[in-house]
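Structural features, examined
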Amino acid sequence: MFKAWTRARLEARLRALASREPPSVLQMGAMCYSPRPIPTHVDYVCSHCGAKTLYAVAPPTLQYLQTCRRMLKELKALKAELDERELCASCRPDQPADPRLWLVLRDGDGRELRTGDIVPNDLRLLSEFLSGESVHRNMHDAETPLRDHAARLRTLLGLASATSNKE
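Residues numbered from 1 in each chain as written. Predicted model: local features only at pLDDT ≥ 70, side-chain atom pairs only at ≥ 80, totals over all residues. Heavy atoms only, no water.

Brief notes about the nonpolar core
Condition: As used in this record, nonpolar core signifies buried Ala, Val, Leu, Ile, Met, Phe, Trp, Tyr and Cys residues forming a set joined through side-chain atoms within 4.5 Å. Accessibility here uses a 1.4 Å probe with only protein chains present; expressed as a share of the type maximum, an area under 20% marks a residue as buried, one over 50% as exposed, and anything in between as partly exposed. Here a strand is any run of E in DSSP of at least two residues, a helix any run of H or I of at least four, and the numbering for each starts at the N terminus. A contact between two residues is defined here by any heavy atoms of the two lying within 4.5 Å.
Counting 34 residues, the largest nonpolar core has Tyr44, Leu103, Leu123, Leu126, Phe129, Leu153 and Leu157 as the members making the most contacts within it. The set of elements that each furnish at least two residues to this core consists of α1 (7–19), β1 (42–45), α2 (60–74), β4 (102–106), α3 (120–130) and α4 (150–156). Contacts of Leu126, omitting those with residues within four sequence positions, involve Leu75, Leu78, Leu103, Leu153, Leu156 and Leu157.

Quick look at the pattern of salt bridges
Going by this rule: Criterion for a salt bridge: a side-chain nitrogen of Lys or Arg within 4 Å of a carboxyl oxygen of Asp or Glu.
The tally for this structure, following the rule as stated, stands at 16 salt bridges. With a closest N to O distance of 3.1 Å, Asp94 and Arg92 form a salt bridge. Of the residues examined, Asp94 reaches a relative accessible area of 53% and is grouped as exposed. A relative accessible area of 19% means that Arg92 is categorised as buried. Through salt bridges with shared partners, a single network forms among Glu81, Asp83, Arg85, Arg106, Glu112 and Arg114.

Limitation: the analysis is restricted to geometry and does not speak to function.
Listed below in structure tokens is the structure:
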């Protein structure tokens, strides 16, 4: 839970990650994937209000929504949820042309941190960081030192010096 992961503990963990020597052997990953066909239309059912929105052309967010939902369930160390309301015509009548997913983290005091433009890679970074790994594996299993992603981790955890994304 997020309460156990205090700001001080997360900061210390990030400092330790930055000082750790990066792995010397990294995997290149697969390079032979062909793209999936893009569906001609997509029905989206809002997780917040249950309303259905029909998309004639699926926005990129819908293409990885299921992956993000699954990955979030596996991320048990933080009190986190996805805010999908930008995808819903009922929740957001002023629906943006390019709807985004938002990661919402709550600490033990009920404070909320919202970070936009969430993609599966963000949730994988959080999982790897909280598990104490030193390597990040992208969706094609290519490896990079996790410390190279410290800036994004800081943003996702609300530790960035700049203000966090707000809706």
